[in-house]
Amino acid sequence: MLRTLKRDRHLVRLFAIFIVVAAALSILRPSVFLSAANFRSMAVQLPELGFLSIASALVLISGGIDLSITGTAVLSGIVAAIIMQMGDSSVSEPSLLVVALACLAGLCIGVLCGAVNALLVAKAGIAPMLATLGTMNLFTGIGIVLTKGSALSGFPDLFLNIGNGLVFGIPVPMLLFIAAIMLLSFFLNRTKLGFKLYIYGSNPVASFFSAVNNTQVVLTAYLVSGFISSVAGIIMVSRINTAKADFGSSYGLQALLVAVLGGIDPSGGKGKAVGIFLSIVTLQFVSSGFNILHVSSFLKDLVWGLLLVLVMVLNTLVPKTARRTE
Amino acid sequence: MSVRSLIKSNEFFLLFIIVLMCVIFGIVNPAFFSAVNVFDVLKSMVETGILAMGCLVVIVSGGLDLSFMTVAVFAMHTICRFFGEYYNNAPMLLLFLAGALIGGLLGIFNSLFIAKFKLPSFIVTLGTSNIIKGFLLAFIGSKQINNIPNAMIAFSKNNLISIKTNSGIANLHTGVLLLAAVVIVTSLLLSKTMLGRRIYCIGGSPSSSERVGFNNIGTLVFVYAFMGIVAGVTGITHASFQRMSNPFDMVGKELNIIAAVTLGGPQVGGGYGNAGGTMLGVLLITLINNSLIMLKIPTFWQKATIGLIIIIGTLVQKYRYNKSL
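Residues numbered from 1 in each chain as written. Chains lettered and ligands numbered in written order. Predicted model: local features only at pLDDT ≥ 70, side-chain atom pairs only at ≥ 80, totals over all residues.

**Here's the deal with the overall build of chain A**
Part 1: When helices and strands are tallied, chain A shows 14 helices and four strands.
Part 2: For chain A, the C-alpha radius of gyration of 20 Å lies close to 20 Å, the compact-globule estimate for 326 residues.
Part 3: Taken over the C-alpha atoms alone, chain A extends approximately 75 × 55 × 35 Å along its principal axes.
Part 4: Burial statistics for chain A: of 326 residues in total, 50% are counted as buried.
Part 5: Long-range pairs, those at least 24 residues apart, make up 79% of the contacts in chain A with a sequence separation of at least 6. (Helix = DSSP H or I, 4+ residues; strand = E, 2+ residues; numbered from the N terminus. Rg over C-alpha atoms; globule rule 2.2 N^0.38 Å. Buried ≥ 20, exposed ≤ 12 C-beta atoms within 10 Å, placed from the backbone. Contact = placed C-beta atoms within 7 Å.)

**Some remarks on the overall build of chain B**
Part 1: Counting its secondary structure elements, chain B contains 13 helices and two strands.
Part 2: For a compact globule of 325 residues, the expected C-alpha radius of gyration is about 20 Å, and chain B comes in at 20 Å, within 12% of that figure.
Part 3: Each principal axis of the C-alpha atoms in chain B carries an extent, and together these give about 55 × 50 × 35 Å.
Part 4: For chain B, with 325 residues in total, the buried portion stands at 47%.
Part 5: Relative to all contacts within chain B whose residues are 6 or more apart in sequence, the contacts with residues 24 or more apart total 80%.

**Regarding helix H8 (residues 172-190) of chain A**
Residue and element names in this part refer to chain A.
Part 1: For H8, built from 19 residues, the straight-helix expectation of 27 Å at 1.5 Å per residue is met to within 8% by its first-to-last C-alpha distance of 26 Å.
Part 2: Val172, Pro173, Met174, Phe177, Ala180 and Leu184 are the residues of H8 that are buried.
Part 3: On the buried face of H8, the contacting elements are helix H3 (36-61), helix H7 (157-164), strand S2 (166-167), strand S3 (170-171), helix H11 (214-240) and helix H13 (273-292). (Expected span 1.5 Å × (residues − 1).)

**Brief notes about the interface of chain A and chain B**
Part 1: Chain A puts 39 residues into the contact, and the matching count from chain B is 36 residues.
Part 2: Of all the secondary structure elements, the ones that give two or more residues to the side of chain A that touches chain B are helix H6 (128-147), helix H12 (251-261) and helix H14 (297-325) of chain A.

**Some points on the packing of H7(A) against H11(A)**
Residues and elements named next belong to chain A.
Part 1: In the contact formed by H7 and H11, the axes pass within 7 Å of each other and the chain directions differ by 110 degrees. Taken together, the axis directions place H7 and H11 in an arrangement best described as roughly perpendicular. Taken together, the residues of H11 that come into contact with H7 (itself represented by Phe159, Leu160, Ile162, Gly163 and Asn164) are Ile234, Ile235, Ser238 and Arg239.
Part 2: Of the residues assigned to the contact of H7 with H11, the class counts are five nonpolar, three polar and one charged. (Axes fitted to C-alpha atoms, helices over the stretch in contact; angles between N-to-C directions. Parallel < 35°, antiparallel > 145°, perpendicular 65-115°, else oblique. Nonpolar A, V, L, I, M, F, W, Y, C, P; charged D, E, K, R; others polar.)

**Let's talk about the packing of helix H5 (residues 96-123) of chain A against H11(A)**
Residues and elements named next belong to chain A.
Part 1: Where H5 meets H11, the axes come as close as 7 Å, and the angle between the chain directions of the two elements is 145 degrees. The chirality of how H5 crosses H11 is right-handed.
Part 2: Residue classes in the contact of H5 with H11 are distributed as 15 nonpolar, 10 polar and no charged. (Left-handed = near helix turned anticlockwise from the far one by under 90°.)

**What to know about helix H10 (residues 216-242) of chain B**
Part 1: The end-to-end C-alpha separation of H10(B) is 39 Å, in line with the 39 Å expected for 27 residues at 1.5 Å each.
Part 2: After H10(B) finishes, the residue B:Arg243 shows a positive phi value of roughly 60 degrees.

**Some words on the environment of A:Ile228**
Part 1: Secondary-structure assignment places A:Ile228 in helix H11.
Part 2: Setting aside chain neighbours within four positions, we find A:Ile228 in contact with A:Phe51, A:Ile54, A:Ala55 and A:Ala180.

**Quick look at the nonpolar core**
Part 1: Residues B:Cys55 and B:Val230 are the most contacted members of the largest nonpolar core, which totals 185 residues.
Part 2: Other than its neighbours up to four places away in sequence, B:Cys55 contacts B:Asp65, B:Phe68, B:Ile257, B:Ile258 and B:Val261. (Core = buried A, V, L, I, M, F, W, Y, C linked by C-beta atoms within 7 Å.)

**Focus: the confidence of the model for chain B**
Part 1: In this model, chain B carries a mean pLDDT of 83, and residues with pLDDT of at least 70 account for 96%.
Part 2: This complex was scored by the predictor with a pTM of 0.84 and an ipTM of 0.80. (pLDDT = per-residue confidence, 0-100.)

**Quick notes on the pairing of strand S1 (residues 159-165) of chain B**
All names here are of chain B.
Part 1: With zero of seven residues buried, S1 is to be regarded as a mostly surface element.
Part 2: Of the strand pairs in this sheet, S1 and strand S2 (residues 168-173) are connected by six bridges, and their pairing is antiparallel. Paired with Asn159 across the bridge in S2 is His173. (Pairing = 2+ DSSP bridges.)

**Examining the confidence of the model for chain A**
Should pLDDT be low for a region, the predicted coordinates there are not to be read in detail.
Residues and elements named next belong to chain A.
Part 1: Of all residues in chain A, 92% attain a pLDDT of 70 or more, and the chain-wide mean is 84.
Part 2: Per-residue pLDDT, averaged within each element of chain A, yields its smallest value for H14 (74) and its largest for H11 (91).
Part 3: Predicted confidence for residues 320-326 stays below pLDDT 50, and this span has zero contacts to residues more than four positions away or in other chains.

**Considering the environment of B:Gly276**
All names here are of chain B.
Part 1: For Gly276, the location among the structural elements is in helix H12 (residues 275-294).
Part 2: By C-beta crowding, Gly276 is classed as partly exposed, having 18 other C-beta atoms within 10 Å.
Part 3: Between the alpha carbons of Gly276 and Gly264 there is a distance of 8.1 Å; along the sequence they are 12 residues apart.

The following block contains the structure:
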């Protein structure tokens, strides 16, 4: 009972921070912040980091860590880009088939990268931090080799719609992201595999003796993480119409920050999808808000770090008082 | 006893790999063995090696510090800015001490959350690295400083040995003495002092360490302060080598150093590791970085190669560890 309260407390605290940030920004610059244009721009920027945070969170809940999500994303984007540029030379406006094939290839690369990670962590038993450190360098490196270090650009309009299109006024990436969060929540709360993920993350030994197929759990975590990273990568390429190997390299640790701020326990076993959503929205508000207020973007880094540390300290301090009143 | 022999053989194995690599590189490009190249490699090892020593102590204590790069950059940029503007003729020693002081203070700041609030070091230092970086860029300066103290520029030209060779003048920079000093201090600290044993103990089992009566909090504060001091010194050295202070430098290389440390020691989590093994790991990574250019491998293959090396290296180590069980 106390544990649920504690988890809820984190979400409650996070929600409080969200309200404070949203209120502050609405009061300070109501005309700019509360405009449709602002919401649209936030809804375009948010999903890239959001998808990476989901990928990061999945692996964190399983008790591991995935530093290679940016590598996977970048590599998937580059592979998709190369396929589209291959088909480009013959026709003036490449068909839906080529674009679909390119996206499919990108997603497959994501799954493949996830599989490599899963093999190293589950089968070879290497510490996740080291394994994903190596694969991050490897995947990004392959991306650099494929592009010879330069940027690829100029993609068909059909593809650009993924990152820049609007449906009922809401950017496509945002719709995809909301769908992903809902799927994640369903997976974590209502499926057996999601439940097993929590069990394994809390205590791998106990889960082993509880007839949970540990290998299957780890495989799922990393495969899905890779898949989601590749979605992020494709959206990234589509939004800026460029595929570059070193784009978004800082996203890896930022995604981690979002996940942990959202209530995902880095030692595994805890975390809710709605927490991730709240966390990324809050941080995006801070980011966009600082832009609007013409505050240095460096201060944004500082505030993000402060929020993370603050929430973690509060998480440690508050249960102590709760116990005393019992 | 068996684990100790594993560690010992781990170092011999690393040494074997390094020798093998040197032989291969030498065959492909005999210039590899030239004095110019050897001294070059040694100079490249200075920054990486000093930072690796700090990381080693943190990893031995069972933690992981992701903020050391930002601490180094913070110390570097702050010292360069203030001494550059107000006290341009400060002696090098004073600059090093000031850098160490700033680094140490930031390290203590880190340790507050890790030792007192018992938060996981990995996530906390992720947060504090953002805080430190944001603070530096927002309040101290985000522009490159070219007007660094004279002593730093003088230091960058300070060479131990200068040999004239066919391909140019081979200079062994004094920085290697600094590296040697840090390595010796770390090695003695870990192996010969009670404080060192306490660090290993915390890394092995924090609860046991408490029950035995060690002051966990004090030890952890020292660990992170040490990392901070080391990072500060590295920052000053970096600015000296570059002859300027760019606050966007160095960040992004943290993971390579952590890779070097973990390649050089058994990956059993906290409680294991020593200076010698770590230096071998640093040497390996530096050799790879430097020699890819010598082998005429295009620079854009570097990242992939490093990644492969880390993966293969850890696989091999894991295989040998499993075999020994």
